[in-house]
Structure formats: structure tokens, C-alpha cells
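Notes for the structure review
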Amino acid sequence: MDHPKIIIVGQGISGTFLSWFCYQAGIDFVVIDEPRSNTPSRVAAGIINPVTGRRVVKVWLDDLIIPFAEAAYQAIGSFLNETAITQTTIVDFFPNPFMKESFMKKLAQKEHYISILENETPYASYFNYEFGIGMIQPAYVVHLQQLLPAWRDFLGRQQRLREEPFDFSQLRMETSAVRYKGHLADMLVFCDGTAGAANPYFSLLPFALNKGEALIIEAPELPAGQLYKKSMLLAPMTEPGIFWAGTNYIWDFEDENPTAGFRESAVQTLKQWLKVPFKIVDHKASVRPATVERRPFAGFHPVHTNIGILNGMGTKGCSLAPYFAHQLVEHLLHQHPLLPEVDISRFKNILSRPLS
């Protein structure tokens, strides 16, 4: 019988980095993950954008999270012999005068990452726009479609992967260990994404699932070296001429499937914005594990202390997961405290209620 020290449930972006840092630290582990095609990390464009929202504000912990993420992707990428991350620029076409005004206000305050584009000529033959262009840099594209399968293959070769759905009825608590089927471990950490909202140990946490949809389009005439943003985001994919087009948040949805409504409005937006021909190659959708407070969940259950969680990354998973996966491993090895804003001990009272 194997004796992994940690069982990690899920191999999305959180499970990938938690297992990567465990591997780096020499912690014994096994990953249990059911292969599914429409998980958020397989549908996402993998964008790390350092500023966000209508008010053009820097993302939370930008000066810690972003350099850490860049270094972590470069490290795992070079280990796997894959390009895991590419630095890029977001060309931000102001959709209306108010957005331009917000941008100019931030620029006047000498905000990091942003500048105004003086020479718009290179873009005029590809795009329709009326209110000027800002530039956001550095931004990054994480190549999830290559990285996640490459790490999965490595786990498989190391015999550290079980490709199966997680079965709660097989989980047994022992005095200072957990037993799952044939595996005895010191602890089990759920990196189970949206399934976390129905996880019997963590369903009382304030998850706020949201749905995202994207079109994959072919637009061979569009220059591929940058990201483009107007009322949606266009991101070049690794295959030449192919772009990801998306960025919506739907809070009230019936299921995780693509919708005709999104497709129609996205096509309309693209037709008005692009001057070059495009055709739709695919339409994807998935539900993201976001949280009410827009902060991740990390740490161990107050009652079932060898059951942990790393989840709730929402739309910022590519930038947040490496940092907090590393923090959780440091917490395990050296009892380093987790950041209070993510530590689930802040929900101790709620989580101490009996499991239903």
C-alpha cells in the first residue's frame, strides 16, 4: 500500500501548483482528479492583467502576486520543457468617454502599468474605435492548455495520479490521518473548484459561483503579439490566427453550457469592433469558483483538522493560485501563517457546525 503524506483532490490551477510545490519540497503526495473538458482552467484564456475594472485599479497584492506568479510559471515551464507564460501588452480601446476619463485620472496619479498610446496608426486598419487607446503592461498569458496536460502527464509517469471522481463515502478519518480507498495520508486538501460549493466539509463557505463564456475565433489577419480589450477581451492562442474572445460574468445561470445569447452578442460586438474577417471555431463555457468576498479560501478545517482547502480563486486563478499554493505548503512545513484574508479560520464559527 502506498503511503502518500498528502492527498490532493483536483488538478486545476490550484491543484497543479499545490502538487508542484509539494514535489519541489519533497513532500509525498498523490493527486485524484476526474478528467473533464470544461473545467474553468481548461476554458480560460489564462490572462494575468495587473489592473482591473472600470476604475482601472491595481489588482489586490499586485506587487507580491504578479512577480511570484511569473517566476513560478517559468520554473514549472522549464521543468516540463514547456513555455508556460508569455509577457505581453493589453491594448485597451476605450469603449466610451467615461472609461477614457477614468484611465486618464489614473495616469495623472502616475499609476503603475498604464500609459496612453500616442501613435494609433498601427491599429486603425484592424479595429473600429472612437475614444483612443490605452496600454497596460506588463500583462501575461499563461498557456494553461499546454501546462496542465504536461504536468498531468508527469504526475502519471510518477504514479502520483489517480484519474477518477472523488468518492466521499470512501473517506475515513483516523486519529491523526485520513484514509481514502488504499491511500493512508497525513492530510487531504481539496482543490476541487466549483465542486467545493457542494463539498460536505466546505459547502458553508461563502462561495459565489459565476459563469464565463468565450468564443474561439479564427482571424488570420489580426496581429497576434498582443491582447486587445474593448467591451470584451481578445487573446491570441498558441495556434496561429486563433483567438479567444470572452470576458463575461454571469451570476444567475441555469447550467454550465454555452448559450445562444452570449454567442449572438459576442458576434455582434466583434463585428462592430473588428475590421478584419473572422469565423467562429468553437464556443466554450464553464463555471468559476468565485467567492462573495473575492478572496481565495486556504487552510484547514477547524474541526476536521487534517482536511484542507485551496479554492475560490475566481477569475484571478492564474495569478493567485501559485502564491497561495506556495503559502499553504510553507504553512504545512514550517507553520508559517496564512494571509488572514484567505485563511479559512476566519469562518471558524460557520465551519464548526455539524456536517449535514
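Preceding this section is the structure that the text describes.
First, a word on scope: everything that follows refers to the structure included in this document.

Each value, and the rule that gives it
Residues numbered from 1 in each chain as written. Predicted model: local features only at pLDDT ≥ 70, side-chain atom pairs only at ≥ 80, totals over all residues. Heavy atoms only, no water. 1 Å grid on protein atoms, 1.4 Å probe; cavity = no way out; pocket = protein on both sides within 12 Å on 5 of 7 lines; lining within 4 Å. Points joined across faces, edges and corners; volume = space filled by probe spheres on them. Helix = DSSP H or I, 4+ residues; strand = E, 2+ residues; numbered from the N terminus. Nonpolar A, V, L, I, M, F, W, Y, C, P; charged D, E, K, R; others polar. Pairing = 2+ DSSP bridges. Axes fitted to C-alpha atoms, helices over the stretch in contact; angles between N-to-C directions. Parallel < 35°, antiparallel > 145°, perpendicular 65-115°, else oblique. Contact = heavy atoms within 4.5 Å. Polar contact = N/O pair within 3.5 Å; in protein donor to acceptor, adjacent residues only side chain to side chain.

**Some details on the layout of surface pockets**
Space inside the second largest pocket adds up to approximately 180 Å³. Together, 14 residues line the second largest pocket, and Thr-86, Val-141, His-143, Ala-224 and Pro-236 are the ones closest to its centre. Looking at the lining of the second largest pocket, the element that brings in the most residues is strand β6 (residues 85-93), giving three residues. Split by residue class, the lining of the second largest pocket holds five nonpolar, eight polar and one charged.

**Regarding the sheet that holds strand β12 (residues 183-185)**
On the basis of which strands lie adjacent, the open sheet formed by three strands has the order β10-β11-β12 and antiparallel pairing. Single-partner strands in this sheet number two, and they are β10 (171-174) and β12. For this sheet the average axis-to-axis angle between neighbouring strands, irrespective of direction, equals 20°. Strand direction decides the pairing type here: β10 and strand β11 (residues 177-180), joined by four bridges, are antiparallel. In the sheet register, Glu-174 faces β11, and the bridge partner there is Ala-177.

**What to know about the packing of helix α3 (residues 62-80) against helix α8 (residues 317-334)**
The geometry of α3 relative to α8 is characterised by a closest axis approach of 8 Å and an angle of 85° between their N-to-C directions. In terms of orientation, α3 lies roughly perpendicular with respect to α8. On α8, the residues that touch Leu-64, Ile-65, Phe-68, Ala-69, Ala-72 and Tyr-73 of α3 are Cys-318, Ser-319, Leu-320, Pro-322, Tyr-323, Phe-324 and His-326.

**Things to note about the environment of His-283**
Within the element layout of this structure, His-283 appears in strand β18 (residues 279-288). Linking His-283 and Met-313, residues 30 residues apart in sequence, is a C-alpha distance of 23 Å. Those residues in contact with His-283 that lie beyond four places of it in its chain are Glu-213, Ala-214, Leu-215, Pro-258, Thr-259, Phe-262 and Arg-263. A polar atom in the side chain of His-283 sits 2.8 Å from the side chain of Glu-213.

That's the geometry; what it means functionally is another story.
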